[in-house]
Amino acid sequence: MLIFTEQELKQFVQLNETAVKVIEDAFTKLAKNETIMPPIMRVDIEDQNGEVDVKTAYIQGKEMFAIKISSGFFNNYQLGLPSGNGMMVLISTQTGIPEAILLDNGYLTDVRTAAAGAVAAAYLSKDTIETAGVIGAGSQARFQLKALSLVRKFSKVLVYARSKERARKFAEEMTVDLGVEVVVAESAEAVVRNSDTVITTTPANNPIIKAEWLHPGLHITAMGSDAEHKQELEPEVLAKADILICDTKAQCARLGELHHALTKGVLSKESAILELGELTSLKAAGRTNEKQITVCDLTGTGVQDTAIALFAYKELIKRNKGLRIENNKILQKN
């Protein structure tokens, strides 16, 4: 077995065009029914505002698949700790033997989630955008903006978060990182009304974005709702979209923004809803004009986890990294 550390993973696995392509290809595999992906298992730790998810998927023809344990404890910022954490285990598809442990502390989840956001924006955002908006000021907000910058150029960013101090710090850091003007907005409404593309990155339990704020040409990627109780968008936002995309319809109908729209009755299972893999596989078109309102509901999939874990494994193996263990003995520190 090989064990890879967060430091090694951060050094050699970056959020870049290659990582985005890895995740885009994973969605295509999903759309072509070349994967086996069971439902998510989740444990809620409600008294600590936390949750632990287990996700996995087998991609046909691959020599290994990943099982990921991922936690989100959303009061951690009060302790100076990141909200996300976790690890991945790669298991042989030939023998079932665990081959590697990736001690990424949630880093690979951040990369693959942001890469999915980039894929969504590539197919759904207007070709030319001036202002990007982000709701939330945590680590995923940072990753999502960096991912967006890989597929679209923009000159200004609006950010809104419940904590003005966190939003201010976010604006300062991202102005330097992206080399564009990042401004703290007074409200979520101001972000939506004045942005071409908006990304929501919060664990909100009540809708933040209202349908009446939408305008022609707007794209929204909502990635915060990955549990039944979470919701960032009013159900009517989805109903108002000209194009509505899910990472997987079945999962979004159970956990995502789509879940709330179906429950309220503003959409039905017969509504025109596409999956992201239908766009990446060219089975369906994304945005076709500058006036369409588009929404993408991302809940996070096991196929993304296996794809990014396999990519990371190959990147580190070819650099001879990792701690090798055999028969309970450390044989090699590469």
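**Re the overall build of the chain**
Part 1 of the reasoning: Regarding its fold elements, the chain presents 11 helices and 17 strands.
Part 2 of the reasoning: In terms of C-alpha radius of gyration, the chain reaches 19 Å, essentially the compact-globule figure of 20 Å for 334 residues.
Part 3 of the reasoning: Expressed as lengths along the three principal axes of its C-alpha atoms, the size of the chain is roughly 60 × 45 × 40 Å.
Part 4 of the reasoning: Evaluated residue by residue, the chain yields a buried proportion of 53% over its 334 residues.
Part 5 of the reasoning: At a minimum sequence separation of 6, the contacts of the chain that also span at least 24 residues come to 71%.
Part 6 of the reasoning: Taken as a whole, the chain presents about 14,800 Å² of accessible surface, with 50% of it coming from carbon and sulfur.
Part 7 of the reasoning: Separation between the mean location of the 38 positive side-chain charges and that of the 42 negative ones in the chain comes to 3 Å.

**Topic: helix α4 (residues 139-151)**
Part 1 of the reasoning: When α4 is considered as a whole, its buried residues turn out to be Q140, A141, R142, F143, Q144, L145, A147 and L148.
Part 2 of the reasoning: Those residues of α4 hidden inside the fold are in contact with α3 (107-124), β8 (131-135), β9 (156-160), α5 (164-178) and β11 (197-200).

**Quick word on the side chain of E51**
Part 1 of the reasoning: Position of E51 relative to the elements: it lies in strand β4 (residues 50-59).
Part 2 of the reasoning: Separated by 2.8 Å, the side chains of E51 and K230 make a polar contact.

**A closer look at the nonpolar core**
Generally speaking, soluble globular proteins have nonpolar side chains that are buried together.
Part 1 of the reasoning: Grouped together as the largest cluster of nonpolar side chains are 49 residues, with contacts concentrated most on F4, L9, I23, L90, L102, L108 and L276.
Part 2 of the reasoning: The biggest single contributor to this core is α3, with 10 residues.
Part 3 of the reasoning: Setting aside chain neighbours within four positions, we find L102 in contact with F4, L9, M87, M88, L90, L108, A309 and A312.
Part 4 of the reasoning: Within the second largest apolar cluster, 27 residues are counted, among which are A185, V191, V237 and L238.

**Some thoughts on the layout of surface pockets**
Part 1 of the reasoning: There is about 190 Å³ of room inside the second largest pocket.
Part 2 of the reasoning: As for the second largest pocket, its lining consists of V22, D25, A26, K29, I59, K62, A307, L310, F311 and K314.
Part 3 of the reasoning: Taken together, the residues of the lining of the second largest pocket sort by class into six nonpolar, no polar and four charged.

**Structural notes on the pattern of salt bridges**
Side chains bearing opposite charge may pair, as long as their charged atoms lie close to each other.
Part 1 of the reasoning: As enumerated under the stated definition, the model contains 21 salt bridges in all.
Part 2 of the reasoning: Across the pair E51 and K230 runs a salt bridge whose closest N-O atoms are separated by 2.8 Å. Of this pair, E51 sits in strand β4 while K230 sits in the loop between β12 (219-222) and α7 (235-240); the two residues are 179 residues apart in sequence, bridging distant segments of the chain. For the pair E51 and K230, a shared accessibility class is recorded, and that class is buried.

**Points about unusual backbone geometry**
Part 1 of the reasoning: Within the chain, N105 stands out as a residue other than glycine whose phi angle is a positive 55°.
Part 2 of the reasoning: Mapped onto the secondary structure, N105 falls in the loop between β7 (98-103) and α3.
Part 3 of the reasoning: We classify N105 as partly exposed; its relative accessible area is 37%.

**Details of the packing of aromatic side chains**
Part 1 of the reasoning: Enumeration over the complete set of coordinates arrives at two aromatic pairs.
Part 2 of the reasoning: Relative to Y313, the ring of F4 lies with its centre 6.0 Å away and its plane at 80°, an arrangement referred to as edge-to-face. Taken together, the residues span a long stretch of sequence, with F4 in strand β1 (residues 2-5) and Y313 in helix α11 (residues 302-317) at a distance of 309 residues. Like Y313, F4 is buried.
Part 3 of the reasoning: On the basis of an interplanar angle of 65° and a centroid distance of 6.2 Å, the ring pair of Y107 and F143 is categorised as edge-to-face.

About the cut-offs
Residues numbered from 1 in each chain as written. Predicted model: local features only at pLDDT ≥ 70, side-chain atom pairs only at ≥ 80, totals over all residues. Heavy atoms only, no water. Helix = DSSP H or I, 4+ residues; strand = E, 2+ residues; numbered from the N terminus. Rg over C-alpha atoms; globule rule 2.2 N^0.38 Å. Buried < 20%, exposed > 50% of the residue type's maximum accessible area, 1.4 Å probe, protein only. Contact = heavy atoms within 4.5 Å. Areas by Shrake-Rupley, 256 points an atom, 1.4 Å probe, with all protein chains shown as cover. Lys, Arg positive; Asp, Glu negative; His and termini not counted. Charge placed at Lys NZ, Arg CZ, Asp CG, Glu CD. Polar contact = N/O pair within 3.5 Å; in protein donor to acceptor, adjacent residues only side chain to side chain. Core = buried A, V, L, I, M, F, W, Y, C linked by side-chain atoms within 4.5 Å. 1 Å grid on protein atoms, 1.4 Å probe; cavity = no way out; pocket = protein on both sides within 12 Å on 5 of 7 lines; lining within 4 Å. Points joined across faces, edges and corners; volume = space filled by probe spheres on them. Nonpolar A, V, L, I, M, F, W, Y, C, P; charged D, E, K, R; others polar. Salt bridge = Lys/Arg side-chain N within 4 Å of Asp/Glu carboxyl O. Phe/Tyr/Trp six-rings, centres within 6.5 Å; stacked < 30°, edge-to-face > 60°.

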